[in-house]
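For reference, the chains in residue letters:
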Amino acid sequence: MPADRIDHVPYPPEFAARYRERGHWRGETFGGLLREWARRYGDRTAITAADGTGLGYAELDDRADRLAAGFHGLGVRAGDRVVVQLPNVPEFFEVVFALFRLGALPVFALPAHRAAEISYFCEHTEAVAYVTTAVHEGFDHRELAREAARTVRHAVIAGEPGEFTALSGLYAEPRDLPGPEPSDLAFLQLSGGSTGLPKLIPRTHDDYIYSVRASAEICGLDEDSVYMCTLPAAHNFPLSSPGTLGTFYAGGRVVLCPRPDPGTAFALIERERVTITGVVPPLALVWLDAAPRTPYDLSSLEILQVGGAKFAEEAARRVEPVLKCRLQQVFGMAEGLVNYTRDDDPDEIVTTTQGRPISPDDEIRVVDDEDREVPPGTPGHLLTRGPYTIRGYYRAEAHNATAFTADGFYRTGDIVRVTPTGHLVVEGRAKDQINRGGEKIAAEEVENVLLGHPAVADVAVVGIPDDYLGERTCAYVIPRGEAPRAAEIRAFVRRSGLAAFKVPDRVEFVEAFPVTGVGKISRRRLRAALRARLDEPGGPGE
Ligand code: OOB
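Please read all numbers here as calculations on a predicted model, not as lab measurements.

Reading the values: the criteria
- Residues numbered from 1 in each chain as written.
- Predicted model: local features only at pLDDT ≥ 70, side-chain atom pairs only at ≥ 80, totals over all residues.
- Near = placed C-beta within 6 Å.
- Helix = DSSP H or I, 4+ residues; strand = E, 2+ residues; numbered from the N terminus.
- Nonpolar A, V, L, I, M, F, W, Y, C, P; charged D, E, K, R; others polar.
- Contact = placed C-beta atoms within 7 Å.
- UniProt positions renumbered as here; feature names shortened; annotations may be inferred.
- Expected span 1.5 Å × (residues − 1).
- Buried ≥ 20, exposed ≤ 12 C-beta atoms within 10 Å, placed from the backbone.
- Arc of directions from axis to C-beta.
- Domains from an automatic or database assignment.
- Pairing = 2+ DSSP bridges.
- Right-handed = clockwise from strand over helix to strand, strands pointing away.
- Axes fitted to C-alpha atoms, helices over the stretch in contact; angles between N-to-C directions.
- Left-handed = near helix turned anticlockwise from the far one by under 90°.
- pLDDT = per-residue confidence, 0-100.
- Core = buried A, V, L, I, M, F, W, Y, C linked by C-beta atoms within 7 Å.

Colleague: Explanation requested: the site of the ligand in the structure shown.
Modeller: Close to the ligand lie 22 residues, the nearest being Phe 237, Phe 331, Gly 332, Met 333 and Ala 334. Mapped by element, the contributors of at least two residues to the shell around the ligand are α8 (236-240), β16 (326-333), β21 (410-418) and β22 (424-429). It is β16 that contributes the most residues to the shell around the ligand, five residues altogether. Of the residues that constitute the shell around the ligand, the class distribution is eight nonpolar, 10 polar and four charged.

What follows is the structure, encoded as structure tokens:
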């Protein structure tokens, strides 16, 4: 048994009671909600796939029931973990709702994850099954299934299954299944992480449904809304802010975008009359550049949400004139807290802030290095606690002791200031994480891999500023003997089985780190010193 054996830290009873009293937690489960939506919206289309095929609410409900029976037949039970790695296809929702209905917990992997991440998720959660696709973007996911099959009982494939179980063969006669309680865990979401291993985020039906319902209200979704899922469906932003689940909640229609390039996305916006979608800042820049020349009619688009990383003010100001739609900034985290600019906020607020919290019961503290509250308007560390923010990571007791305060506030690692209007402005970051255009990379995870290369004596991975991505990664390597080629270092990370977005964009060989001679210092301080040197003329960034 692993030492970190407390699976998840529940909300203290007095907080849970208050969140129920305030009407935030209404005792619903996702499985139950889908049943209600099917009754209410019936044959209305819930999901339109990229090829134009539609799936109605009642049909989705029925397919989730059949699939739940199929997973049950495989031996999947309430509380079991199932790693789900599917692209933006209708099966993603059928599988996830089937597992919700069973009370089994989807573990949301991203399509970009490779053997290193998938094996870790399977092992750390002791998953019983892994569900993925056959081939996606030229990569054969059955290779990952072969790895996963060492620890999971079943690998289930959407598409040609090879030696594994075909998802299409699992739809069975629906059966009565007890289902989870609203306070039970619904799934495990991924954290970008700032340590060697990614952390898993346990979310309950109660808390997540609240964030979904409130987000749908804030964004004004209704039955006429058409939400295009442009980012990977498993990510918290397109899943719940208000995302696909918020759209279902409002009885709208979800359009699945297979690739976010302007050619694909704009064609779908025109064909499906999309009203709202969410993107990360680099994608917003690409869309802004492409929009003036596009042959496609984008006039249905009412709201472009941008989040996941800081959106530069100059770019933010271009959204409305160029795309002829309203910008909404979204500053959220899979751990919970989500902030939105609102439709009735003045333009100045929409372009210069990252919004304000969803809930009147989101507690925000901005503190200095000693956890003392800073004066209003001063930048400091953002701590938060509230009705949809976790109290601890999954099976991570030791890490939780530092990632949360004694009174349950989550240390976001973000540096923010609060405006007099109560809006948050993200000023920077204190955590050891690189935000590569919304994709989060823990420096330590990549360093640990590189330290395994025979020609690497020492290494520090840091983010370097980039106009397009916000940040790119640079690995500073002290070679052992003759320096290998940079391409070899990058290939080594790729071969290690990490997702491609974690491969350093740049590799610099140095003889020593700027701080050697000071004795043994933390890697954290080393990275800070390297980042500081980037700004010096002739420093490693030059
Ligand atoms: C979203 O979630 P995660 O878990 O991938 O990443 C959370 C982190 C935040 O702590 C912050 O460092 C950064 O991403 N971030 C932003 C931001 N939105 C996220 N930094 C600056 N400006 C923003 N607008 O990224 C996420 C989850 C739900 C909704 C939207 C984004």
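Colleague: What exactly am I supposed to notice about the environment of Gly 70 here?
Modeller: Along the chain, the position of Gly 70 falls in helix α3 (residues 57-73). C-alpha of Gly 70 to C-alpha of Arg 213: the two residues are 143 residues apart in sequence and 29 Å apart in space. Beyond its immediate chain neighbours, meaning those up to four positions away, Gly 70 contacts Leu 170, Tyr 171 and Ala 172.

Colleague: Could you clarify how one ought to interpret the UniProt feature "domain: AMP-dependent synthetase/ligase" (unreviewed entry) in the protein chain in this entry?
Modeller: Those places that UniProt annotates as "domain: AMP-dependent synthetase/ligase" (unreviewed entry) correspond, in this numbering, to residues 34-394. The span residues 34-394 is 33% helical and 24% strand by assignment, and the distance between its end C-alpha atoms comes to 26 Å.

Colleague: Is there a simple way to think about helix α2 (residues 30-41) in this case?
Modeller: Every α-helical turn comprises 3.6 residues, leaving residues that sit three or four positions apart pointing alike. In a regular helix each residue adds 1.5 Å, so 12 residues correspond to 16 Å; α2 covers 16 Å between its end C-alpha atoms and thus fits that length. When we look at burial in α2, the residues that qualify are Phe 30, Gly 31, Leu 34, Trp 37, Ala 38 and Tyr 41. The buried residues of α2 occupy an angular sector of 120° when projected down its axis, which confines them to one face. When the buried face of α2 is taken as reference, the exposed residues oriented beyond 90 degrees from it are Arg 39 and Arg 40. Residues of α2 that are buried sit in contact with α3, α4 (90-102), β10 (185-190), α7 (205-218) and α9 (243-250). Phi turns positive one or two residues past the end of α2, at Gly 42, with a value near 45°.

Colleague: Even after reading the chapter, I still don't get the domain arrangement of the protein chain, so can you show me in this structure?
Modeller: How big an interface is tends to be stated in terms of accessible area lost as the parts join. Split into domains, the protein chain comes out as domain 1 (30-42 + 52-180) and domain 2 (432-535). Each of domain 1 and domain 2 was reduced to a C-alpha centroid, and the two centroids are 35 Å apart. Taken together, the contact between domain 1 and domain 2 spans six residues of the former and six residues of the latter.

Colleague: Is there a simple way to explain the pairing of strand β27 (residues 506-509) in this structure?
Modeller: A regular strand places its side chains on the two faces of the sheet in alternate fashion. As judged from the four bridges shared by strand β26 (residues 470-479) and β27, these two strands associate in the parallel manner. Within β27, the position partnered with Tyr 476 by the bridge is Glu 508. In the classification by handedness, the crossover that spans β26, the intervening helix α16 (residues 486-495) and the parallel β27 is right-handed.

Colleague: Just checking my understanding: could you explain the packing of α2 against α3 for this structure?
Modeller: Two quantities define a packed helix pair, namely the angle between the axes and the distance from one axis to the other. Running from N to C, α2 and α3 point in directions that differ by 145°, and their axes come no closer than 8 Å. Crossing handedness for the pair α2 and α3: left-handed. Between α2 and α3, the contacting residues are Leu 34, Arg 35, Trp 37, Ala 38 and Tyr 41 on the first element and Tyr 57, Ala 58, Leu 60, Asp 61 and Ala 64 on the second. Residues of the contact of α2 with α3, tallied by class, amount to eight nonpolar, no polar and two charged.

Colleague: Help me out: how do you make sense of the confidence of the model for the protein chain in this one?
Modeller: Detailed reading of the predicted model is not advised wherever pLDDT is low. Looking at the protein chain as a whole, its pLDDT mean stands at 95, while 96% of the residues score no less than 70. Reported for the predicted complex are a pTM of 0.96 and an ipTM of 1.00.

Colleague: Sorry if this is basic, but what is going on with the sheet that holds β22 here?
Modeller: Hydrogen bonds between backbone atoms are what pair the strands of a sheet, whose relative direction is either parallel or antiparallel. The antiparallel open sheet is built from four strands, whose spatial order is β19-β20-β21-β22. Strands at the two margins of the open sheet, each flanked by one partner only, are β19 (363-367) and β22. In this sheet, adjacent strand axes meet at a mean angle of 45° when their direction is disregarded. Pairing of β21 with β22 involves five bridges; the strand directions are antiparallel. Across the sheet, residue Ile 415 finds its bridge partner in β22, namely Gly 428.

Colleague: Would you explain the pairing of strand β20 (residues 380-385) in this entry?
Modeller: Extensive coverage of β20 is indicated by the burial of six of its six residues. Pairing geometry for β20 and β21, over four bridges, is antiparallel. From the neighbouring strand, His 381 faces β21, where its bridge partner is Ile 415.

Colleague: What is the right way to read unusual backbone geometry from this model?
Modeller: Residues apart from glycine generally show negative phi values, whereas peptide bonds are mostly found in trans. A cis amide bond links Ser 241 with the next residue in sequence, Pro 242, at an omega value of -15°. Relative to the assigned elements, Pro 242 resides in the loop between α8 and α9. Phi at Glu 126 takes a positive value of approximately 50°, unusual for a residue other than glycine. Tracing the backbone shows Glu 126 in the loop between α5 (115-124) and β5 (129-133).

Colleague: Would you explain the nonpolar core in this entry?
Modeller: Within soluble globular proteins, side chains that are nonpolar generally end up buried alongside one another. Ranked by internal contacts, the top residues of the largest apolar core, which has 133 residues, are Val 82, Val 83, Val 84, Leu 99, Val 107, Ala 127 and Tyr 130. Of all the elements, α4 adds the most residues to this core, at nine residues. Setting aside residues up to four positions removed in sequence, Val 82 forms contacts with Val 76, Leu 99, Ala 104, Leu 105, Pro 106, Val 107, Ala 127, Val 128, Ala 129 and Val 131. The next biggest cluster of nonpolar side chains, apart from the first, holds 24 residues, and it includes Ile 434, Val 461, Ala 475 and Ala 499.

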